[in-house]
Amino acid sequence: MLEIRGLRTGYGAIEVVHGIDLDVNEGECVALIGANGAGKSSTLKTICGLLPARDGQIRFDGHDITNRKGHAIVQAGITMCPEGRQVFPGMSVMQNLRLGAYARKGADIEEMLDMFPILRERAGQAAGTLSGGEQEMLAIARALMSRPRLCIFDEPSLGLAPKIVAEVAQTIARIKAMGMTILLVEQNSLMALRLADRAYLFEAGEIVLEGTGTELQTHPEVVKAYLGH
Amino acid sequence: AEKTLTIGVADALTGGAAVYGLPQANSVEMAADEINAAGGIAVGDDTYMLDVIVYDDKANPTEATNAVRKLIDRDGVRYILGFCCSGATGAVASFIEYEDAVMLVGNAAERSITTQGISNLVRTRPPADYTGAAAGAFVAKQGHKRIAVLGALETSFYASYVEAFEEEFKKSGGEVIAHEVFASKDRDMSPQLTKIREMQPDALLVVGYVEPAAFAYRQATELGMDVPRYGFTSGSEEQFLRVASSEQMEGVWDLRPTELTLQSTTDAGLAYHANYSERFGDAPSPSSPYAYDQAWALKHAIEAAGSVEDTEAVAAALRELEVFPEAVMQYLPVEGKMFDQNGQAYTANGAFQWQEGHWVFVEELPSDQEAYSRFLSTVN
Amino acid sequence: MTEILQQIINGIAIGGVYVLIALGLTIVFGILGIAHFAHGSVSMFGGYLTFFLVAQQGYPLILAILVALVVGMVLGVLIELLAYRPVRNANHINAFIVALGLTMMVEGINLQFFGAEQVVIPTDAGRVFSIGGVTLPELRLYVILAAAALILAMTIFVEKTKTGQAIRAVAENRDAAILMGINVQMIPLIVFAISTALGVAAGVMVGSLFAIAPGVGEGLVVKGFAVLILGGLGSIPGAVVGGIVLGVTEALAAGFISSAYKDVIAFVVMIAVLLLRPQGLMGRA
Amino acid sequence: MQSDILEVVGLCKSFGGVQALRDLSFSIREGEVLGLIGPNGSGKSTTVNLLSGSLPPTGGQIRLGGHRVEALSQWDRVAMGLTRTYQTASVFPEFTVRQHVMLGCEAHRKVSPLAQAFRLKRDKSEEDRVQQKVAQALKLTGLEAEADTVVGVLSAAQQRFLMIATALASNPRVILLDEPAAGMISHERETLSGMIRRIRDTGISVLVIEHHMALIMEVCDRIVVLNFGASIAQGTPAQIRENPAVIDAYLGEAA
Amino acid sequence: MPRKQIFLLIALAAFIALPQLISVKYYLHLSILALIWVIMAQGQNLIQGYTGYVSIVQAGFMGIGAYSTALMGSHFGLPVTLTIILAPLVTAVFALATGYPSLRVKGHCFAIVTLAFNMVIFIVLLNFTALTNGEAGITGIPKPGYGRGAWIDFHDRQVYYYFVLIVAVAMTALAALIVRSRIGQILLAIRQNEDLVASVGVASWKYKLFAFVVSAMFAGLAGALYAHYQSFINPEIFSVAQSLDAILAVIIGGSGTLTGPVIGAFIVVFLPEYLRFADSFRLILYGLILVLATIFMPRGIVGLARDIASRLGAR
Ligand SMILES: Nc1ncnc2c1ncn2[C@@H]1O[C@H](COP(=O)(O)OP(=O)(O)OP(=O)(O)O)[C@@H](O)[C@H]1O
Ligand SMILES: Nc1ncnc2c1ncn2[C@@H]1O[C@H](COP(=O)(O)OP(=O)(O)OP(=O)(O)O)[C@@H](O)[C@H]1O
Ligand SMILES: [Mg+2]
Ligand SMILES: [Mg+2]
């Protein structure tokens, strides 16, 4: 469904992703793992049109979406749940959810509230005053509001309490079970690899390893650098 | 032989003061063309045709200094006209004494410009207190005792008008009960007027540029004040009618130099009005002839001095000049001369009243230019 | 008592104008973080244009205002596209310099087209209402009502419409807004169109109630920024409260303390508010 | 047994209606690593903000080495030996690493910058001391090789180490680390935990906030658990791990 | 850095030779104004370029310096050289009083609060006529020295040029001293991340206030030199528009550099003069040049020059 070939991207004079190839098939959950600053978020940003690609191609459903405008990519069916949650802090939970459906007609907020009951309780509250875990739920719900065909998560467990991390992992597993295609970036490599069908290992802007989730969980290099402790 | 004499104009062409500066610059250009058409300036065997360079000073002292420096140092100009605004004029006046040049000041009315004894400077517009004293006597004669002043009192020539007014007014037992201020950019005077309304004065005196003053008259009626209104604004009918209706203006007095109004003027004035309107598509501002008269005064002085190079002689000739027929303003000579020894000219002062849509010249204000001229020599 | 009441009424009319100017500034600031200094001059352009259409082309007032609104909106959009967009990623000071340059240009254009004379938009609202010694000219009443209607419309637009919500979203988090599928290239254009429309409305009010002349726009924009600070940067209710407070403070200062120093007093009030509440009257901490 | 270097007694903080901290008391002993954990929004960062002086408390006392400090400014507290890092990497991006760390020495310099600027006073021994301090801080944080690199191009983890190095340069007695490992991968976390222990070994007390339990359990001598702005448990890592209230509020069943 | 020193020496030599090279005195006049603006711009650069706080009150401080030197001379009969030295100190007192409230806010708020202070200063200069003589201004401000015809006659523009040149060089050197010291480092730190400054144990407000007051003193000194050069001052000269010019000088030249303000000052003085040919279009043209310059040279002339130099160096 998503094909990336030879993608390069960067900021200013610095290139941070040096030509990567990556595929996500329909209905699959693919994880990207790797060190801090390896270029995972930058790759995701480039897919979503937040960062221009310098070279290479991104194809979605066979159509070239490289360097299309961000809103056009959303309309094509890709949504991202960004790093650090990025809710609209001054707006209420409801307003945040409605904005999730901005790119399409109608909105099935009820469905989302059923899926995340905690959000129903907080419906009128300003999103900025939610706890970190609640904000993460809101960000996920908001992303799902656009009925994406590919949903991208960038470090959904970052900075969350262990208990909440477990909840988020369950939520993603649920979404996956619903048949959604998922691209997941996680520092919490163990969680990512458990959820993923396939995974890629990033190092310094390049993909150095590729395999199924279970394969990588036992790969000695991965165990040493990312699963240790 | 036919030669060219370049003269310079430094005046406000942009910014808030352009209302005064632009018409002055226009009228100098018009006068230059008229002088050229009438055969130029005759000096010995030569006739000089005038060429005018105009620079914008934005009424800003630094800009004015730069403009005049450029005129003198770079363009080689010796005669500089224009000058509508006191600040810019003061800046130039502070160094012009040491230059090989003659400066002719127009509408800038700050008194100190002609009290410093600058020999190469003359001014066509009389200082405001010269008119203010006459106005004070006139208002007192109307029988008012308590008068409230509203005006641009931070501008010293308006302040000096009020000061002279107050002095005369007190002589007959009157009292000024309020000195309220508006800034030149203010257009909402209702707070000040509301305050004045509570004091219940016998009359109101509005002193300031036309633009805000017109609003003061209008807002006074809107606040239901129906006391007699006097003023010192020198605005034309058009200028007032843009702001206030004729009914709102009815009965307002303007006590000022007899500047250009169609009722008060001479044939020269009527011709000026017609020519200017035709050339620039707009009626001339009442004060613009101060600059027009500068150009003609310069022509006569140069011819009298018999030299364009000798600026000292031209400056001296200006002070010896008699009032000439082309003058648009009605100058009152001092000892037979247009400019007194301070380089100051005087016009008659008049009481004008708004009657059914027009400024009507009612009477001349008693003005003693000879006495004022003596007084001016003692200042500073 | 009537005096105080009268002064408050005097202040509300001018306060309404301040509110409109400040609203235009505040949405631009909220979305783009730009101190749009040229806003005052653009407003005056709208006022001048209305005057020109009414007084010289004989348009009926309402039609003239509509035309001026449309032209103003186009101008606003052009300003965003040609001047502010190229400096979006640079330092904010650079955008401020661009705003200064624009101010000079628009002031210069106004002068070229409309001259240096002050201009008053003619209206036939000449009546004066008087209740118990407090007077209210018809025109001021209209201005207050029109300002109130525009404020209401603006609030409804931002709170209730999809586009309004998109604008808020971009203001709060631009990148997240892109991920919602909002066309963030369009939003600044819409914002500038709205901002300029509000500005033109303010320009028409100033032009009919008071006058348009060179330099008036700059004075207004400074007051507009003072309102923003007073009310809280980027806050719409803040702009409304701040504008009325500033207008009434000026009137009371001129009426009861000193007319010469009324602006000084207004600024001192602004600075005092800032010392006590650095986020402004309605701003979030 | 060591004495308490930092004592917190009845600390309260509210933001408008939100009661972020209620009557929190705990203390840090000399030369220990104290962990501060708790659910999101339980008030951990707020505690650090109050301790460091970034925010004023609504009530309670903070004692550093026996002196009340809650009314002192942040810089005065740094000068007294209480310093911190931030939850999100917060650095001066245009400086070189060395310049950055040197700025941390301002807190204990004797020659005023004004005197230095106008060459009124020079103190060679101070210059040497500063150089030494910077070298030591760089060594402790493993940034020696990067000394002349511009901060902005450092990796996220290195920027976090730099924050610690700069804090160390100020001669701290207590150093407060707010989620120092956020976003780090395991080998970076190992580097960090080694670093924290070495810092402790130089006699500096450390307060660590973390959500990464393995790290916390490994480096901490004691742990304080917050929930809804109050302490619900204090004890050794082993005690905390088994505490049912902590499991319920924070760790969850998985842990 | 010998290359840098060679460049400096050449620049200095050019400034010293300048009056001999200009035949039209008008340009000498503009050069004097430009040198006065160099002092203004160096001050502005300290607070704006290095500390990151855009102050819009510098012209107001210039006015305080100008009026204080003129009034101390006329009221207390103090010698001109003394009042020129005292003027920045008087300005510093005002800067302390305004800096304290202004520096409590950041970013745009700071800019607008300082702008309000400029307007306050302007209104007071205009309305406090008993002291300032209002709009009409103060005339006949004397020059330093021993009057016309003395062996060094400050009425001679060349003499005044060298006088101002010496002061401008000294003030630029002073600015260099400050920004290269630890104070400069802290100012730069404040610009980059102010919240962090307190956590490294530095009382940032002291340094902000220091930068603000010093920049005001630069402006006050510039005002004093201006007053004695022009012999005339009125409030108009010290209005917000001139404060904006100071900001422009810094941005166009290159903010946060020492050469930038020098170049910027000359541009701000000379460019409008060169645009006089455009007549009433001058304002539009000046505005257009500003907009284009900011868009295409966001880091000022010095930034552009450095880019070009580094690109050439890379080849
Ligand atoms: N806005 C930016 N401007 C400049 N450089 C950036 C920017 N954002 C990221 N970088 C740099 O790009 C590189 C890759 O960053 P990226 O965020 O893609 O990494 P990541 O793999 O997602 O790491 P993390 O685990 O920290 O999220 C890093 O070196 C980072 O410093
Ligand atoms: N400036 C503020 N204004 C209002 N409320 C605040 C502010 N700062 C913190 N809070 C609130 O105080 C509470 C405690 O926040 P704090 O940041 O200390 O949590 P935390 O324990 O550090 O959480 P996390 O683990 O997610 O970082 C939260 O409810 C938060 O919303
Ligand atoms: Mg990332
Ligand atoms: Mg926290």
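None of these values were measured; they are calculated from a predicted model. (Residues numbered from 1 in each chain as written. Chains lettered and ligands numbered in written order. Predicted model: local features only at pLDDT ≥ 70, side-chain atom pairs only at ≥ 80, totals over all residues. Heavy atoms only, no water.)

**Quick notes on the sheet that holds strand β10 (residues 229-232) of chain B**
Residue and element names in this part refer to chain B. Taken in spatial order, the four strands line up as β8-β7-β9-β10 in an open sheet, and their pairing is parallel. Since the sheet does not close on itself, it has two edges, and those belong to β8 (175-181) and β10, each with one partner. Between one strand axis and the next, the sheet turns by 20° as a mean value, whatever way the strands run. Inspection of the sheet shows strand β7 (residues 146-151) paired to strand β9 (residues 203-207) by five bridges, in the parallel sense. When the sheet's bridge partners are listed, Leu150 is paired in β9 with Val206. Packing against the sheet, helix α5 (residues 156-171) makes contact with β7, β8, β9 and β10, and its axis sits at approximately 170° to β8. (Pairing = 2+ DSSP bridges. Helix = DSSP H or I, 4+ residues; strand = E, 2+ residues; numbered from the N terminus. Axes fitted to C-alpha atoms, helices over the stretch in contact; angles between N-to-C directions. Contact = heavy atoms within 4.5 Å.)

**A short note on the interface of chain C and chain E**
Chain C puts 39 residues into the contact, and the matching count from chain E is 35 residues. Roughly 3300 Å² of surface becomes buried between chain C and chain E when both sides are summed, with 85% attributable to carbon and sulfur atoms. Where chain C touches chain E, the interface holds zero salt bridges. Counting across the interface, chain C meets chain E through three residue pairs in polar contact (both at pLDDT 80 or more). Residue assignment for the side of chain C that touches chain E shows that the elements contributing at least two residues are α3 (61-84), α4 (92-114), α9 (216-231) and α11 (262-276) of chain C. By residue number, the principal contributor to the side of chain C that touches chain E is α4 of chain C, which donates 15 residues. Across the side of chain C that touches chain E, the residue classes tally to 31 nonpolar, six polar and two charged. (Buried area = accessible area lost by both parts, 1.4 Å probe. Salt bridge = Lys/Arg side-chain N within 4 Å of Asp/Glu carboxyl O. Polar contact = N/O pair within 3.5 Å; in protein donor to acceptor, adjacent residues only side chain to side chain. Nonpolar A, V, L, I, M, F, W, Y, C, P; charged D, E, K, R; others polar.)

**Description of the coordination of the magnesium ion (ligand 4)**
Residue and element names in this part refer to chain D. Only Ser45 (OG) and Gln87 (OE1) from the protein reach the magnesium ion (ligand 4) as donors, at distances of 1.9 to 2.3 Å. Highlighted residues: Ser45 in helix α1 (residues 44-52) and Gln87 in the loop between β6 (82-84) and α3 (97-103), separated in sequence by 42 residues. Assessed through its relative accessible area of 31%, Gln87 is described here as partly exposed. (Donors = N, O, S within 2.8 Å, 3.2 Å for Na, K, Ca; no water. Buried < 20%, exposed > 50% of the residue type's maximum accessible area, 1.4 Å probe, protein only.)

**So, the domain arrangement of chain D**
Residue and element names in this part refer to chain D. The domain boundaries assigned to chain D delineate domain 1 (1-81 + 172-255) and domain 2 (92-169). Placing a centre on the C-alpha atoms of domain 1 and another on those of domain 2 gives a separation of 26 Å. Carbon and sulfur atoms make up 78% of the area that domain 1 and domain 2 hide from each other, which totals about 1100 Å². Remark: the boundary between domain 1 and domain 2 carries zero salt bridges. On the surface where domain 1 and domain 2 come into contact, there are three residue pairs in polar contact (both at pLDDT 80 or more). (Domains from an automatic or database assignment.)

**Description of the site of ligand 1**
Residue and element names in this part refer to chain A. Close to ligand 1 lie 13 residues; Gly37, Lys40, Ser41, Ser42 and Gln187 are nearest. Separating an oxygen atom of ligand 1 from a side-chain N or O atom of Glu83 is a distance of 2.9 Å. Separating an oxygen atom of ligand 1 from a side-chain N or O atom of Gln187 is a distance of 2.6 Å. Bound to the protein, ligand 1 loses 67% of the 630 Å² it would expose on its own. It is helix α1 (residues 40-47) that provides the largest number of residues to the shell around ligand 1, a total of three residues. When its residues are assigned to classes, the shell around ligand 1 shows four nonpolar, six polar and three charged. (Near = heavy atom within 4 Å. Areas by Shrake-Rupley, 256 points an atom, 1.4 Å probe, with all protein chains shown as cover.)

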